[in-house]
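Spelled out, the chains give:
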Amino acid sequence: MKSIFFLILMMGSCIAVLLIASFLLGPPSLDRSQNTIYYSNTEEVIGEEFGSEKRYWVSLDEIDDHLEQATIWTEDQHFYDHFGFDFKRLAGAIWKDIRTMSLKEGASTITQQYARNLYLTHEKTWKRKLYEAFYTIRLEMFYDKDELLEGYLNTIYFGHGAYGIEAASKFFFDKSATELSWAEAAMLAGIPKGPSHYSPFHDLDKAKDRQEFILTNLYEKNVIDKETYETALNEELAFSEKRTITTKGVAPYFQDVVVKELQSLLDVDIEEIRSGGYKVYTTLDLKQQQAMQQASDKILKNTEIQIGAMAMEPDSGAVTALIGGQDYKASSFNRVTQAKRMPGSAFKPFLYYTALENGMTPATTLMSKPTTFELADGKVYQPSNYNDYYANQPITMAQALALSDNIYAVKTNLYVTPKRFARVVENKFQFKSELDPVASLALGTEVVTVREMVTGYSMLANGGLDVDAHTITKVTDPYGEVLYDREKEQTEDKGWSLFSKSEDKQVLKKEYAYILTDMMKGMFQEELNGYMSVTGASIADKLTRDYAGKSGTTNVDNWMIGFTPSLTAGVWVGYDDNREIVKTSDKRYAKEVWASFMESAHKDLPEEHIVKPENVVEVSIDLNTGFLATDECGQTHKMLFVRGTQPTKYCTVHLEEYEHDHPGELDEMIPEDRLLENWWEWMWKGEDGR
């Protein structure tokens with residue numbers, strides 16, 4: 001008996017302390033924003049998911065009585081009779097939670113929900129429930145019921161970015177909250193229980209079932225008569241086609257990527273993000289975003305063609321600018337992250353990295369001429385060069401890359417084997433798209449995303465280090481508590497390591513990444529012109545920095561991707577319906593947008609250079625033979641080699657004498673090409689016969 005008395009005394013004391021504390025703290029502020037705000041990398045606001053916006057706030061007198069009744073009788077029938085808690089419902093919910101050891105059962109009154117919307121998150125923990133009870137007492141202590149109902153109706157979330165009854169009325173029915181019918185009021189009153197489930201724009205059948213449940217409850221409680229009930233049930237609702245509540249502001253495609261990343265980081269759904277009041281600090285560089293958008297708007301004259309462009313810091317993986325199409329309002333489909341397109345020759349740098357790892361060098365020569373490849377499965381493959389131009393003589397890898405020679409690329413792929421090539425792209429360059437290991441993979445015939453391409457090129461730009469493309473650096477809740485800090489998490493994940501930071505992240509061999517980067521500068525170096533001009537000749541005179549890059553072209557796609565140590569950028573242009581790009585001007589868009597953006601972006605960036613690895617040497621090579629150049633040679637070019645792999649022979653003969661001594665080079669089939677004489681063995685037995 002004494003124990004029971006003592007327990008009652010303790011409970012009474014706790015309640016008394018709680019009430020006194022609530023009184024002394026005074027009335028809690030009702031002006032609490034729940035907007036989720038996105039910031040640029042300089043902490044300027046770039047967008048907002050709107051919460052309790054004052055411009056949508058309406059007084060209780062302006063809210064249709066139908067909606068008030070539908071809400072009260074659905075959410076909290078005893079709202080005007082209790083002191084913030086419905087103890088009968090609460091006791092039942094607590095008992096069920098204790099039995100199931102969960103927090104799934106809800107018995108929240110309107111005041112409790114309002115407290116949660118104003119001051120707390122939606123996590124289901126005992127701590128949050130205790131705080132909710134404390135704020136509920138304070139609200140009931142200092143505000144009357146009408147004030148609480150008005151606040152609740154103006155802050156509750158209805159999905160689709162619509163907060164409050166006025167915003168919801170406009171979004172769903174294109175009318176004010178003062179003009180709602182019973183059918184419309186019941187439909188809206190049913191949504192807040194689960195906006196992603198009961199929105200008519202998500203699932204009309206579920207929404208109608210919920211509406212009928214509410215109307216039936218109103219009828220059974222004698223709130224509406226039978227005639228009103230039947231009329232409301234049979235009313236055909238006229239939903240709005242406008243459906244506009246919020247705008248994305250700056251960089252809408254970028255913000256969509258941020259939202260996806262935020263969902264993954266916090267493990268929450270889109271509705272929670274929009275109502276969570278988070279502060280999201282992103283990697284967006286406003287100057288670069290503006291430069292990218294201006295380049296696109298100025299250069300793209302064809303309103304039907306689409307664009308996907310993205311810029312990234314190679315060292316950190318921070319996405320600094322992104323546009324996923326010409327007009328977000330017309331199409332929110334993101335051509336950077338969602339569209340998968342053939343990269344064409346822009347895929348070749350990954351091939352030549354694989355070749356460098358497998359014994360080839362920038363001076364390796366292969367015949368460039370029309371070639372028929374008889375594959376191991378008996379099929380015949382006959383690729384062609386652009387406009388059917390060929391050197392009709394051996395060319396070096398460096399020149400083949402600069403001119404984008406397709407015959408050289410396919411021969412190289414067969415040498416390293418398509419399986420090995422595909423594995424390098426997937427495992428080292430982080431591609432998630434499925435790649436079929438076929439001969440034509442060398443020419444970029446598999447579909448990938450712009451994001452994958454820019455990430456892969458960034459690994460070359462940073463010297464072969466692992467890079468994780470990301471858009472978020474930090475996330476806090478409405479009260480400043482840090483929920484995610486990328487820098488801190490990376491430090492914790494890394495922990496103690498025997499190796500340095502760069503060694504720990506090294507994925508590519510830095511000497512080969514450095515050599516390939518040097519070769520990729522060749523597309524802008526006109527001294528490499530051969531049977532045709534280098535592929536970057538049309539924009540070379542517009543560039544003031546030392547860029548490395550590669551373009552890519554298919555009948556339906558145009559690409560340009562390139563970098564400095566400070567910034568990587570990629571641009572894709574094409575039609576969503578895979579129409580052929582016919583106009584010459586349309587085919588130039590990707591390169592021109594890329595050049596314009598990179599020049600603008602680099603005005604604010606320092607001139608950086610990757611330190612040359614100690615085991616890399618530079619020598620002058622004769623382009624006709626791939627041998628060391630002398631004064632007697634013709635066209636020469638300085639190339640990089642891992643020490644010990646550079647040619648040892650000097651060019652002392654003319655091309656005609658070289659061809660005379662190598663008659664096998666003139667044959668149609670690949671086996672006689674240097675490095676490829678055992679290609680049948682490679683194709684049948686796998687890599688190096690293993």
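Since this is a predicted model, take the numbers as computed values, not measurements.

Colleague: What is the right way to look at the overall build of the protein chain in this model?
Modeller: Counting its regular elements, the protein chain contains 27 helices and 16 strands. Residues counted as buried form 54% of the 690 residues belonging to the protein chain. Considering only contacts within the protein chain whose residues lie at least 6 apart along the sequence, 70% involve residues at least 24 apart. Just so you have it, the protein chain exposes about 32400 Å², and 50% of that area is on carbon and sulfur atoms.

Colleague: Would you take a moment to explain the layout of surface pockets for this structure?
Modeller: Of the pockets and cavities examined, the second largest pocket occupies roughly 1100 Å³. Residue lining of the second largest pocket: 34 residues in total, with Tyr386, Gly552, Thr553, Thr554 and Asn558 positioned closest to the centre. Counting residues per element, the ones that place at least two in the lining of the second largest pocket are helix 23 (537-540), strand 12 (548-553), strand 13 (557-563), helix 24 (584-587) and helix 25 (589-601). Here the lining of the second largest pocket gets four residues from one element, more than from any other, and that element is strand 12. The residue inventory of the lining of the second largest pocket, partitioned by class, reads 10 nonpolar, 19 polar and five charged.

Colleague: Would you mind showing me how to read the confidence of the model for the protein chain here?
Modeller: Do not read the fine detail of predicted coordinates wherever pLDDT is low. Summarising the model, the protein chain shows a mean pLDDT of 84, and 79% of its residues fall at 70 or more. Contacts of residues 101-105 to residues separated by more than four positions or lying in other chains number 12 contacts, the stretch itself having pLDDT below 50. In this model, residues 665-690 is a region of pLDDT below 50 whose contacts with residues beyond four sequence positions or in other chains number 59 contacts.

Colleague: Whenever I open this one, the nonpolar core confuses me. Can you help?
Modeller: Grouped burial of nonpolar side chains is what soluble globular proteins tend to show. With 99 residues, the main nonpolar core has Met310, Phe347, Phe350, Tyr352, Phe429, Met453 and Leu516 as its most contacted residues. When sequence neighbours within four positions are dropped, the list of residues in contact with Phe350 reads Phe421, Val425, Phe429, Phe431, Met453, Gly456 and Tyr457. Grouped together as the second largest cluster of nonpolar side chains are 45 residues, Leu67, Ala177, Trp182 and Leu218 included.

Colleague: In this structure, what is going on with the packing of helix 15 (residues 348-357) against helix 18 (residues 418-427)? I would like to understand it.
Modeller: The description of two packed helices rests on the angle between their axes and on the distance between the axes. Where helix 15 meets helix 18, the closest approach of the two axes is 10 Å, and the angle between their N-to-C directions is 110°. One element, helix 15, and the other, helix 18, form an angle in the roughly perpendicular class. Helix-helix and strand crossings are classified by hand; for helix 15 and helix 18 the assignment is right-handed. Between helix 15 and helix 18, the contacting residues are Phe350, Leu351, Tyr353 and Thr354 on the first element and Arg420, Phe421, Val424 and Val425 on the second. Residues of the contact of helix 15 with helix 18, tallied by class, amount to six nonpolar, one polar and one charged.

Colleague: What is the right way to look at the packing of aromatic side chains in this model?
Modeller: The relation between two aromatic rings is expressed through the spacing of the ring centres and the mutual angle of the planes. In this structure the tally under the stated criterion is 23 aromatic pairs. Their ring planes at 75° and their centres at 5.4 Å tell us that Phe347 and Phe350 sit as a pair that is edge-to-face. Positioned above the aromatic ring of Tyr281 is the side chain of Lys474, whose terminal nitrogen or guanidinium carbon lies 5.0 Å from the ring centre.

Colleague: Would you take a moment to explain helix 25 for this structure?
Modeller: In an α-helix, one turn spans 3.6 residues; hence positions three or four apart end up facing the same way. End to end, helix 25 covers 18 Å across 13 residues, agreeing with the expected 18 Å (1.5 Å per residue, within 8%). Among the 13 residues of helix 25, 10 are classified as buried, and the element is accordingly described as predominantly covered. All buried positions along helix 25 are accounted for by Tyr589, Ala590, Lys591, Val593, Trp594, Ala595, Phe597, Met598, Glu599 and Ala601.

Colleague: I would appreciate a short explanation of the sheet that holds strand 14 (residues 568-574) in the present structure.
Modeller: Hydrogen bonds along the backbone pair up the strands of a sheet, which may run parallel or antiparallel. Overall, antiparallel pairing links the five strands, which are arranged 5-4-14-13-12 in an open sheet. Strands with a single pairing partner mark the edges of an open sheet, and in this sheet they are strand 5 (319-323) and strand 12. Neighbouring strand axes in the sheet, compared pairwise and without regard to direction, differ in orientation by 5° on average. Taken together, the six bridges between strand 12 and strand 13 define a ladder with antiparallel strand orientation.

Colleague: Explain a negative patch on the surface here, please?
Modeller: A cluster of acidic residues, Asp61, Glu62, Asp144, Asp146 and Glu147, forms a negative patch on the protein surface. You can see Asp61 is positioned in the loop between strand 2 (45-49) and helix 2 (65-75). Judged by relative accessible area, Asp61 falls into the exposed class, the value being 77%.

Colleague: Please clarify how the pattern of salt bridges should be interpreted in this entry.
Modeller: Between side chains of opposite charge, a pair can form when the charged atoms approach closely. One pass over the structure, following the stated rule, counts 10 salt bridges. For the salt bridge of Glu304 with Arg579, the shortest nitrogen-to-oxygen distance reads 3.0 Å. Of this pair, Glu304 sits in the loop between helix 14 (286-299) and strand 4 (306-312) while Arg579 sits in the loop between strand 14 and helix 24, and the two are 275 residues apart along the sequence. Accessibility expressed as a relative area gives 37% for Arg579, which makes it partly exposed. Among the ionic pairs, Arg341 bridges to Asp557, the shortest N-O distance being 2.7 Å.

Colleague: Which parts of the structure should I look at to understand the pairing of strand 3 (residues 279-282)?
Modeller: The side chains of a regular strand alternate, residue by residue, between the two faces of the sheet. Here three bridges tie strand 1 (residues 36-39) to strand 3, and the two strands are oriented parallel to one another. Of the residues in strand 3, the one forming a bridge with Tyr39 is Tyr281. The pairing of strand 3 with strand 10 (residues 472-476) spans four bridges and is antiparallel. Paired with Val280 across the two strands is Val475, which belongs to strand 10.

Criteria and cut-off values
- Residues numbered from 1 in each chain as written.
- Predicted model: local features only at pLDDT ≥ 70, side-chain atom pairs only at ≥ 80, totals over all residues.
- Heavy atoms only, no water.
- Helix = DSSP H or I, 4+ residues; strand = E, 2+ residues; numbered from the N terminus.
- Buried < 20%, exposed > 50% of the residue type's maximum accessible area, 1.4 Å probe, protein only.
- Contact = heavy atoms within 4.5 Å.
- Areas by Shrake-Rupley, 256 points an atom, 1.4 Å probe, with all protein chains shown as cover.
- 1 Å grid on protein atoms, 1.4 Å probe; cavity = no way out; pocket = protein on both sides within 12 Å on 5 of 7 lines; lining within 4 Å.
- Points joined across faces, edges and corners; volume = space filled by probe spheres on them.
- Nonpolar A, V, L, I, M, F, W, Y, C, P; charged D, E, K, R; others polar.
- pLDDT = per-residue confidence, 0-100.
- Core = buried A, V, L, I, M, F, W, Y, C linked by side-chain atoms within 4.5 Å.
- Axes fitted to C-alpha atoms, helices over the stretch in contact; angles between N-to-C directions.
- Parallel < 35°, antiparallel > 145°, perpendicular 65-115°, else oblique.
- Left-handed = near helix turned anticlockwise from the far one by under 90°.
- Phe/Tyr/Trp six-rings, centres within 6.5 Å; stacked < 30°, edge-to-face > 60°.
- Lys NZ or Arg CZ within 6 Å of the ring centre and 35° of its normal.
- Expected span 1.5 Å × (residues − 1).
- Pairing = 2+ DSSP bridges.
- Patch = residues over 30% accessible without salt bridge, like charges linked within 9 Å, V, L, I, M, F, W, Y side chains within 5 Å.
- Salt bridge = Lys/Arg side-chain N within 4 Å of Asp/Glu carboxyl O.
- Lys, Arg positive; Asp, Glu negative; His and termini not counted.
- Charge placed at Lys NZ, Arg CZ, Asp CG, Glu CD.

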